[in-house]
Amino acid sequence: MTASQHSRTSAQNAPQDLGTRAPLHKICVLGLGYIGLPTAAMFASHGFQVVGVDINERVVETLNQSEVHIHEPGLKTLVQAALKTGNLRVARQPEPADVFIIAVPTPLSPVSGPPSPKADLSYVIAAAESIVPHLRSGNLIILESTVPPRTTVDILVPILERSGIGVSAGQFSSAPVHPSTSTLYVAHCPERVLPGRILEELVCNDRVIGGVDQASAEMAKALYASFVEGEIFLTDATTAEMVKLMENTYRDVNIALANEFALVAERLGINVWEAIELANRHPRVNILKPGPGVGGHCLAVDPWFIVQVAPEVTPLIQTARRVNDSMPAHVVELVKRALAEGKTGDQGPETEDKLPSPVSGPPSHRIAVLGLAYKANINDLRESPALRVVEGLAALSYELRLCDPHVNEAFPWPLLPLLEAVKGADCLVLLTDHAEFTALRPQVVGPLMRHRRVVDARGCIKVQEWVAEGFQVMILGDG
Ligand code: SAJ
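Residues numbered from 1 in each chain as written. Predicted model: local features only at pLDDT ≥ 70, side-chain atom pairs only at ≥ 80, totals over all residues. Heavy atoms only, no water.

Attention now goes to the overall build of the chain. When you go through the chain residue by residue, the secondary structure sums to 16 helices and 14 strands. Residues classed as buried in the chain amount to 53% of the 479 residues present. When contacts within the chain are restricted to residue pairs at least 6 apart in sequence, long-range pairs at least 24 apart make up 74% of them. (Helix = DSSP H or I, 4+ residues; strand = E, 2+ residues; numbered from the N terminus. Buried < 20%, exposed > 50% of the residue type's maximum accessible area, 1.4 Å probe, protein only. Contact = heavy atoms within 4.5 Å.)

So, about the packing of helix α10 (residues 302-309) against helix α11 (residues 315-340). Taken N-terminus to C-terminus, the directions of α10 and α11 make an angle of 145°; their axes are 9 Å apart at the nearest point. Crossing angle aside, the handedness with which α10 passes α11 is left-handed. Where α10 approaches α11, its residues Pro303, Trp304, Ile306 and Val307 are matched on the opposing element by Ile317, Gln318, Arg321 and Arg322. For the contact of α10 with α11, a count of residues per class yields five nonpolar, one polar and two charged. (Axes fitted to C-alpha atoms, helices over the stretch in contact; angles between N-to-C directions. Left-handed = near helix turned anticlockwise from the far one by under 90°. Nonpolar A, V, L, I, M, F, W, Y, C, P; charged D, E, K, R; others polar.)

What follows concerns the pairing of strand β8 (residues 207-211). On a regular strand, each side chain points to the face opposite its neighbour's, so the side chains alternate between the two faces of the sheet. The buried fraction of β8 is high, at five of five residues. Both faces of β8 are covered, namely the face carrying Arg207, Ile209 and Gly211 and the face carrying Val208 and Gly210. Of the pairings in the sheet, the one linking strand β7 (residues 183-188) to β8 comprises two bridges and is antiparallel in character. Each residue of the ladder has a partner; that of histidine 188, found in β8, is glycine 210. Relative to strand β9 (residues 232-236), β8 runs parallel, the two sharing five bridges. Along β9, the bridge assignment pairs arginine 207 with isoleucine 232. Running through helix α7 (residues 214-224), the crossover from β8 to the neighbouring parallel element β9 is right-handed. (Pairing = 2+ DSSP bridges. Right-handed = clockwise from strand over helix to strand, strands pointing away.)

On to the site of the ligand. If you check the shell around the ligand, you find 21 residues, and the closest are Glu191, Lys244, Arg251, Cys298 and Tyr374. At 2.9 Å, a backbone N or O of arginine 192 approaches an oxygen atom of the ligand. When the free accessible area of the ligand is taken as 770 Å², the share hidden by the protein chains comes to 88%. Considered class by class, the residues forming the shell around the ligand number nine nonpolar, four polar and eight charged. (Near = heavy atom within 4 Å. Polar contact = N/O pair within 3.5 Å; in protein donor to acceptor, adjacent residues only side chain to side chain. Areas by Shrake-Rupley, 256 points an atom, 1.4 Å probe, with all protein chains shown as cover.)

This part is about the side chain of histidine 434. With respect to the secondary-structure elements, histidine 434 resides in the loop between β12 (427-430) and α14 (435-438). In this structure the side chain of histidine 434 is engaged in a polar contact, spanning 2.9 Å, whose partner is the side chain of aspartate 404.

Structurally, proline 96 can be placed in the loop between β3 (88-91) and β4 (99-102). The class for proline 96 is partly exposed, based on a relative accessible area of 37%. Along the backbone, proline 96 and arginine 136 are 40 residues apart, and their C-alpha atoms lie at a distance of 7.9 Å.

For the rest of this paragraph, the subject is the sheet that holds β12. Strand order in the open sheet formed by five strands is β11-β10-β12-β13-β14, and the pairing between neighbours is parallel. Lying at the two open borders of the sheet, with one neighbouring strand each, are β11 (399-403) and β14 (472-475). In this sheet, neighbouring strand axes are inclined to one another by 20° on average, regardless of whether the strands run parallel or antiparallel. Note: β12 against strand β13 (residues 453-456), three bridges, orientation parallel. Residue pairing across strands places leucine 430 opposite aspartate 456, the latter belonging to β13. The strands touched by α11 within the sheet are β10 (366-370), β12, β13 and β14, with β13 carrying the most contacts at an inclination of about 160°.

This structure, assessed with the given rule, holds 21 salt bridges. The partner of glutamate 391 in a salt bridge is arginine 388, and the shortest N-O contact between them spans 2.9 Å. Of the two residues, glutamate 391 and arginine 388 both sit in helix α12 (residues 385-395), three residues apart, roughly one turn of that helix. When its relative accessible area of 44% is taken as the criterion, glutamate 391 is described as partly exposed. A salt bridge links arginine 441 to glutamate 465, with the nearest nitrogen and oxygen atoms 2.7 Å apart. You can see arginine 441 sitting in the loop between α14 and α15 (442-445) and its partner glutamate 465 sitting in helix α16 (residues 463-468), a full 24 residues away along the chain. (Salt bridge = Lys/Arg side-chain N within 4 Å of Asp/Glu carboxyl O.)

So, about the side chain of threonine 314. Mapped onto the elements, threonine 314 comes out in the loop between α10 and α11. Reaching out from threonine 314, the side chain makes a polar contact with the side chain of glutamine 318 at a distance of 3.0 Å.

On the surface, a cluster of nonpolar side chains totalling about 270 Å² of accessible area is made up of Val264, Leu268 and Ile270. For leucine 268, the position within the fold is in helix α8 (residues 237-268). Residue leucine 268 is classed as exposed on the basis of its relative accessible area, which comes to 60%. (Patch = residues over 30% accessible without salt bridge, like charges linked within 9 Å, V, L, I, M, F, W, Y side chains within 5 Å.)

Counting buried residues in β10 gives five out of five residues, a clear majority hidden from the surface. Burial along β10 is two-sided: Arg366, Ala368 and Leu370 facing one way and Ile367 and Val369 facing the other are all buried. Where β10 lies against β11, five bridges are found, and the strand directions are parallel. Looking at β11, one finds that arginine 366 is bridged to glutamate 399.

This is how it looks when you write it as structure tokens:
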């Protein structure tokens, strides 16, 4: 089917159940995480009656106290406003509604492991089972969670059919719509929002909606058109699942390429950052940035969902994943090398922090690790490569001083304010390019350190400035 643009609507002018012509007023959102909560609040702020459901009691309690457990620009204001109007309610259990939106996590299964991890669909299955007793004819069920191809048709639909109500059938096609009155409509509507810009992208991004049939896709489109300003494209459910996975896999593979270029540049003794900048002057080249690895709940996970359905024909995707997964260990090697490479630079002030022999062996080194979140200016630690680097450094018995001004979580090590983390350090290791760290001045931190060394895994410091202050500088990808 070709692309079709939406028309704007709202709950007052609500999309219709195509069979009964009843308006879809009430939405039950299952899972109040990074996607479910903003989506629930967005629908509520557009006049729908929304019940947000989460199995985590703490999440429900927090929201019922008008607090928000997710840090995302604008989210707290939106959620609080939605709760205040009464359009958004929060509960532990689902209840009857016109629309059910499943937005629960799909992590990698802890039991599958190498050589090829697989999706853990237990949350999707549990959420689908939990709504079965509440389903009524004419309901629209939307799966937003990222899933392996064919999950909607092979796993979700059979569970929903346990309700005794049939799922809107037939091949997806642009044939005329003849919905029955005793039918469930089912669609996959993957999210595409970037953490840090979720609310903006929820509204502005184009959206791909995959129906199990034409009627389901059209119903879901009418619903999302209440707030989506981007174009809405309709297709079948399996194509929509694959589209979502292809987007994140494309990015993961391209980051792996940048990381591989970085490793080659180190061998050649050239600077990959300069080389990438120059290569990107080509009108059809856009190489991404190398770094300490790929984190977050999407890029580090989703490519495996494609691999699991076709392992024999996906060597490129698998290799890319492994290249990106190998980067934290490479950063640990860079730190080891930086510490082993002589005693250049200012030795810093004589303080009581001075250890007997700071450069004679790894155990005595004090490392200030700057940045734990998986990317800049967010507090999200999921799959963060920085945590793998920290594990690697800890295994070498270095004394670690961790700092991440965006993160507020318990670690085996306390999180310290920046200048405290840096005090008496033998090496700074920059893992996340938070604004606080890219603005860091060597003139400020240098005098606090025991040895002036910095390892920059994000290519974000101005090398000359640091060298001028007597720092021994090591940049990932710069030989
Ligand atoms: N990274 C690099 N080099 C780069 C770009 C990113 O090393 O040049 C690293 C980041 O540091 C981070 C990881 O990749 O560790 C992922 O960051 P990201 O900003 O590329 O993506 P996410 O995971 O925050 O969000 C992605 C987005 N997908 C795409 O851009 C194709 C977002 O639009 C999706 O909605 C989201 O995944 C998701 O939920 O699937």
